[in-house]
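A closer look at the structure
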Amino acid sequence: MAAAESSERLVRLLTHDSEILDRWVEAVAEILRGRISRAELERELTDLYQALGQALREGGLNWRAEEYSEVRALLVELSRNRAQHGFTPTETATSLFACKDVVAPTATSSAEDISAYLQLGRLLDALGLFTIEAYARTREEIISAQAEQLLELSTPVVKLWEGVVAVPLVGTLDSARTQIVMEKLLQSLVDSESEQAIIDITGVPAVDTEVAQHLLKTVVAARLMGAECTISGIRPQIAQTLVALGVRFDDIVTKATLADALRYVLRRIGTEPAATGGPK
Amino acid sequence: MTDRVPILKLGRVLLVSIQIDLEDQTVLDLQDDLAERIVTTGAIGVVIDITALEIVDSFVGRMLANAAAISRMLDAETVVVGMRPAVAITLVELGLSLGGVRTALTLEKGLALLERGRATSADRG
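The text that follows walks through the structure, step by step, so that each part is easy to find. It should be emphasised that the depicted structure is a prediction, and the values quoted were computed from it without experimental measurement.

Within chain B, the regular secondary structure consists of four helices and five strands. Its C-alpha atoms give chain B a radius of gyration of 14 Å, within 12% of the compact-globule value 14 Å for 125 residues. Projected onto its principal axes, the C-alpha coordinates of chain B cover approximately 40 × 30 × 20 Å. Counting every position in chain B, which comprises 125 residues, the buried fraction comes to 45%. Partitioning the contacts of chain B with sequence separation of at least 6, the portion at a separation of at least 24 is 73%. Total accessible area computed for chain B in this model is approximately 6,400 Å², and 52% of it derives from carbon and sulfur atoms.

Below you can see the structure in the form of structure tokens.
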């Protein structure tokens, strides 16, 4: 039973001194320089330390084993916390690697202790990599969640007047965003029974042929549904670019500013009162 | 036997409300029926309500344009009402802009549009 013996020795290495945990917390606290409270750090590392001891006793050195599930869960939680609080990957991983320094052999250590230390080192390295993976995964989740929020935030449909809705577009337009704008605008036309829509592109820094194409499609789709679409806020530079690209907004009403567009739209409604179904 | 789409008479306007998924044969039957009814009732307007229509293909798109052309020839104006955003997007992606077909958001607005059209043509006449 060499495996059982070596894991026994590892457990002894990790637990022979009651100060190991304290020294570990000390080392990590120094690295993180007070950006995480001492009490919280102690709680985290105590949990981890106990889970690690337990796992070593029962599961040996295979960190993928069932017995290590608690250790892995704790590590995932730890890296999640670190990623959310803006710690670097190095700082996250060192929380674990610091344990190696604490149990490092001295000149008086026996050969068995040194070999146990090396085994423990390998185990901790593997767990460290696992931590980094969890860290990276959390970061990616944060990034994709932010991108999604940005999509939702950046496309509000506002009601300007009875029967008039507007979408002020801000920021760079790509196909995905334009698609969302298109769907939201058309849906709001149905929901609010508006016959006039204004797309304001004052806040759009650049328009290429693809985006222009999407705008055209939106206008045609709105027309198919029985509504009229006006595009406003075309800046001089964008007008020049569009003409240079050969894009033509021929049968679409375009206005320089949102105010002009609103005035035009109100006149359309005003001169054709029956178009809004009359007073309700 | 395929279902036929009912054509309702509402004053001098014919109301076609499409509630089922359209098969090609249904579409052709509808065109026949519609032309027949416009002549027998002397309708001056046709409202095609596609609120319940969730799926369109190019054939249905062309049917709408055809129905409008036929009605116009028989002196009745066509208004397509209640098109869903998804349907509108699909038609645009298919490259069908339904030129010559008038559209309105709701049945109410469609009827108002026909009413107005008749008033102006009466002024002229």
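Residues and elements named next belong to chain A. All chains considered together, the criterion is met by 15 salt bridges over all chains. Where Asp250 meets Arg248, a salt bridge forms, and the shortest distance between an N and an O atom there is 3.5 Å. In this structure Arg248 comes out as exposed when scored by relative accessible area, which is 60%. The partner of Arg263 in a salt bridge is Asp260, and the shortest N-O contact between them spans 3.3 Å. Taken together, the residues Arg263 and Asp260, both in helix H10 (residues 258-271) and three residues apart, mark about one turn of the helix. Classification of Arg263 by relative accessible area gives exposed; the value is 52%. One network of salt bridges, with partners in common, ties together Glu26, Arg38 and Glu42.

With that settled, consider the packing of aromatic side chains. Residue and element names in this part refer to chain A. Per the stated rule, a full pass over the model turns up one aromatic pair over all chains. Aromatic pair Trp24 and Tyr49: ring centres 6.4 Å apart, planes at 65°, arrangement edge-to-face. Linking Trp24 in helix H2 (residues 20-32) with Tyr49 in helix H3 (residues 38-59), this pair joins segments that are 25 residues apart in sequence. Of the residues examined, Trp24 reaches a relative accessible area of 0% and is grouped as buried. The cationic tip of Arg82 hangs over the ring face of Phe87; the distance from NZ or CZ to the ring centre is 5.7 Å.

Before going further, it helps to spend a moment on the nonpolar core. What tends to happen in soluble globular proteins is that the nonpolar side chains get buried as a cluster. One finds A:Leu189, A:Phe249, B:Val16, B:Ile18, B:Ile48, B:Met63 and B:Met83 to be the most contacted residues of the largest nonpolar core, which totals 64 residues. With eight residues, helix H8 (residues 209-224) of chain A is the largest single contributor of residues to this core. Leaving out residues up to four positions away in the same chain, B:Ile48 has contacts with B:Val16, B:Ile18, B:Leu64, B:Ala67, B:Thr78, B:Val79, B:Val80 and B:Val81. Among the nonpolar cores identified, the runner-up in size contains 39 residues, and A:Ala29, A:Tyr49, A:Ala116 and A:Leu124 belong to it.

Residue and element names in this part refer to chain A. Compared with an ideal rise of 1.5 Å per residue, which puts 22 residues at 32 Å, H3 spans 30 Å between its outermost C-alpha atoms and is within 8% of the ideal. Along H3, the positions that sit buried rather than exposed are Leu41, Glu44, Leu45, Leu48, Tyr49, Ala51, Leu52, Gly53, Ala55 and Leu56. Following H3 by one or two positions, Gly60 has its phi on the positive side, about 70°.

What follows concerns the environment of A:Gln237. Looking at where A:Gln237 falls in the secondary structure, it is placed in helix H9 (residues 236-245). Since its relative accessible area comes to 57%, A:Gln237 is described here as exposed.

Once that is clear, we can look at the interface of chain B and chain A. Taken together, the contacts link 18 residues of chain B with 19 residues of chain A. Of the roughly 1,700 Å² buried between chain B and chain A on both sides combined, carbon and sulfur atoms contribute 68%. Between chain B and chain A we count one salt bridge in total. In this assembly, chain B and chain A are joined by five residue pairs in polar contact (both at pLDDT 80 or more).

Attention now moves to the packing of H2(A) against H3(A). Residues and elements named next belong to chain A. Orientation of H2 relative to H3, taken along the N-to-C sense of each, is 130°, at an axis distance of 10 Å. In this view, H2 runs oblique relative to H3, as classed from their interaxial angle. Crossing handedness for the pair H2 and H3: right-handed. Along its contact with H2, which presents Ile20, Leu21, Trp24, Val25, Glu26, Val28, Ala29 and Leu32, the element H3 presents Arg38, Leu41, Glu42, Leu45, Thr46, Leu48 and Tyr49.

Conventions adopted
Residues numbered from 1 in each chain as written. Chains lettered and ligands numbered in written order. Predicted model: local features only at pLDDT ≥ 70, side-chain atom pairs only at ≥ 80, totals over all residues. Heavy atoms only, no water. Helix = DSSP H or I, 4+ residues; strand = E, 2+ residues; numbered from the N terminus. Rg over C-alpha atoms; globule rule 2.2 N^0.38 Å. Buried < 20%, exposed > 50% of the residue type's maximum accessible area, 1.4 Å probe, protein only. Contact = heavy atoms within 4.5 Å. Areas by Shrake-Rupley, 256 points an atom, 1.4 Å probe, with all protein chains shown as cover. Salt bridge = Lys/Arg side-chain N within 4 Å of Asp/Glu carboxyl O. Phe/Tyr/Trp six-rings, centres within 6.5 Å; stacked < 30°, edge-to-face > 60°. Lys NZ or Arg CZ within 6 Å of the ring centre and 35° of its normal. Core = buried A, V, L, I, M, F, W, Y, C linked by side-chain atoms within 4.5 Å. Expected span 1.5 Å × (residues − 1). Buried area = accessible area lost by both parts, 1.4 Å probe. Polar contact = N/O pair within 3.5 Å; in protein donor to acceptor, adjacent residues only side chain to side chain. Axes fitted to C-alpha atoms, helices over the stretch in contact; angles between N-to-C directions. Parallel < 35°, antiparallel > 145°, perpendicular 65-115°, else oblique. Left-handed = near helix turned anticlockwise from the far one by under 90°.

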